[in-house]
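# Structural overview for review
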Amino acid sequence: MNETVVSVKGLKKSFKAFQAVKNVSFSVQKNDVFGFLGPNGAGKSTSLRCMLSLIKADAGEIKLFGDDIRSNRSKVLSKIGSIIEKPDFYKYLSAYKNLELLARISGSSVSKSELYDILDFVGLQGREKHKFRTFSHGMKQRLGIAQALMHNPELIILDEPTTGLDPQGIVDIRNLILKLSKEQGKTVILSSHQLAEIEMIANRMVIINKGETLIEGSVHDLLNSSNMVVKFQLDDTNRGEKLLVNDFADVNVSKASANELEFEIEKIRIADVAECFVKNNLRIYSIEQKRKLEDYFINMIEEG
Amino acid sequence: MLLKNTWNELIKILAKPRSYIGFGALTLLIGVILVAMKADGQSFISFVTASFEQTLSFNGEILNGNLMAFVILQMLIIHVPLLVALVTGDLVSGEAAMGTLRMMATKPISRSAILGSKLLAGAIYTFLLTLWMAFMAYGVGQWMFGAGDLIVLNNDGLVIIPADDIMWRYFYGFGLAYLSLLAVATMSICFSVFSDNSIGPIVSTMAVIILFTIIGSLDVSSFNTLQPFLLTTHMSSWRSLFEMPVPIDSILNSIYILLFHIVGFAGISFWRFNKKDINT
């Protein structure tokens, strides 16, 4: 039976007149790599800040490990490692000294050798004594992950950990998250505004926009079982549209222009449509397909 | 957790270059005063005692370490708050601006323990700064000028305190100076809790000190009711220890008012910090 690690219901948070989070609900099971997806400004960071009691929610229920964060703050936070927005450390201290300070208040005793081990684990060996101000963005992210892991937490919350990283840095962080999940059995919440990133790492996800939960479920189910949005480039879109209406009655054309026809259809039937067009002597210049959820998410980002 | 984080706070204070500005400034200021007085102090003393020479005859060395400590403490007590606020005003807001407050607040340490440790570390820093001021003014003063009777000009006239009756007065005098600086430190930490940038609380603290000093020095009837309760009024209460007899009630009153300020500012800080949204 699945064990619920995080349960958020009806979360609301306003900053004066601006309602940053209107109604966010989701749940995370033990060992999930949970994608927390939404465009910039969707309310992801605000929701995560509420979960960690950095800010006080106006309404809603947040339960972590079955406990209310507000009444059992220290107990709950001792089981969590997190990076919210970006990892900020004392720039005038070394990487090791920064970790040592945070380890002292992490709720569990972390030895000197464990701190060195965790710095090795995130790939910062040899840079332990270097001042934080000399670190590149990627190294700062790695140190942020090190402080999130040093007290061996059960739940790791990473808020857009790959933002600003170079391609190799993104791959490294992604592999690190997978390693934590698969080898150490950690539960990970990963916030991102990139569907592709969540698809590569997460097993479950929630999409939020404008402070509201839109959809939650298994990444596989949400992305692969859904319909496709297909765009055909044809020599005669009027005739193509008529053929579609006659032969595929359940298909609705969403966009039509002089040479493009866009509609939603099950993946398995795209070949049938193409065959129908060819049999009726229509020239197909190109076929573009996007998953419905992907299309929906891209539109959401474009709308801002 | 409170003590562990207080240790953390002290490490951070020690690692910040700005923490040494106060010690450097005190060393420079007091050093300059001591060297200048060593070079040309006699003419300064002659200028001060000239008005008494018709009625009094001065024997012995008036310009001694005890007088130097008195002069220095009187000159610096209004300026040292800036040096204190430079560090304490940054304790919360500086971390908010840097983003490290967010990192700390995601750890299993209560908000009260975070602030309590900052207040304790601020109090220790202020103590060390006061100790340094005492060492430079009294210790180095005694080494350079030697001991001797202290002649002080008060509102009631000239007071002569024998050399063997002075040390305890300085002990309590620097204690009172510490208490007033601690009130300033608590006030700047309180301002720091309300701010997310490090300059605001430092400037605000100095603005309040200047405003209170002006209100305290103006002989306006509407201000007269305020003056006994102002922090700045009691910052010079250490001077009462150099009166004969020592006005114990007046000193106790100053201690109560300074403690009231410390407790008040700390209380407001805890109230605000526990509800503060950490958005930076």
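Fair warning: this is a prediction, and the values are worked out from it, not measured in the lab.

Rules used in this analysis
- Residues numbered from 1 in each chain as written.
- Chains lettered and ligands numbered in written order.
- Predicted model: local features only at pLDDT ≥ 70, side-chain atom pairs only at ≥ 80, totals over all residues.
- Axes fitted to C-alpha atoms, helices over the stretch in contact; angles between N-to-C directions.
- Helix = DSSP H or I, 4+ residues; strand = E, 2+ residues; numbered from the N terminus.
- Parallel < 35°, antiparallel > 145°, perpendicular 65-115°, else oblique.
- Left-handed = near helix turned anticlockwise from the far one by under 90°.
- Contact = placed C-beta atoms within 7 Å.
- Nonpolar A, V, L, I, M, F, W, Y, C, P; charged D, E, K, R; others polar.
- Pairing = 2+ DSSP bridges.
- Buried ≥ 20, exposed ≤ 12 C-beta atoms within 10 Å, placed from the backbone.

### Quick word on the packing of helix H1 (residues 2-15) of chain B against helix H7 (residues 111-145) of chain B
Residue and element names in this part refer to chain B. With their axes 8 Å apart at the nearest point, H1 and H7 run at an angle of 50° to one another. Compared by their axis directions, H1 and H7 come out oblique. Once H1 is placed against H7, the crossing between them reads as right-handed. For the pair formed by H1 and H7, the contact residues are Leu 2, Asn 5, Thr 6, Glu 9, Leu 10 and Ile 13 on the first element and Ala 113, Ile 114, Gly 116, Ser 117, Lys 118, Leu 120, Ala 121, Ile 124 and Tyr 125 on the second. By residue class, the composition of the contact of H1 with H7 is nine nonpolar, four polar and two charged.

### As for the pairing of strand S2 (residues 18-29) of chain A
Every regular strand shows the same layout, with side chains that alternate between the two sheet faces. All names here are of chain A. Two strands pair when backbone bridges link them, and strand S1 (residues 4-15) and S2 are joined in this way by eight bridges, in the antiparallel orientation. Counted as the bridge partner of Leu 11 is Val 24 from S2. The loop that links S1 with its antiparallel partner S2 comprises two residues; one of these, Lys 16, has a positive phi angle of about 55°.

### Quick look at the environment of Lys 112 of chain A
All names here are of chain A. Relative to the assigned elements, Lys 112 resides in helix H4 (residues 112-121). Of the residues examined, Lys 112 has 10 C-beta atoms within 10 Å and is grouped as exposed. As for Lys 112 and Val 278, which are separated by 166 residues in sequence, their C-alpha atoms are 70 Å apart.

### With respect to the interface of chain B and chain A
When the parts of a complex come together, some accessible area is lost, and that lost area is often taken as the interface size. The interface of chain B with chain A comprises 23 residues on the first partner and 21 residues on the second. Among the elements of the structure, H1 and helix H6 (100-105) of chain B are those that each provide at least two residues to the side of chain B that touches chain A. No other element matches H1 of chain B, which puts six residues into the side of chain B that touches chain A.

### Side note on the environment of Ala 183 of chain B
Residues and elements named next belong to chain B. Along the chain, Ala 183 turns up in helix H8 (residues 167-193). Residue Ala 183 is classed as buried on the basis of its C-beta count, with 26 C-beta atoms lying within 10 Å. Separated by 78 residues in the primary sequence, Ala 183 and His 261 have C-alpha atoms spaced 6.1 Å apart. The residues contacting Ala 183, other than those within four sequence positions of it, are Leu 231, Leu 258, His 261 and Ile 262.

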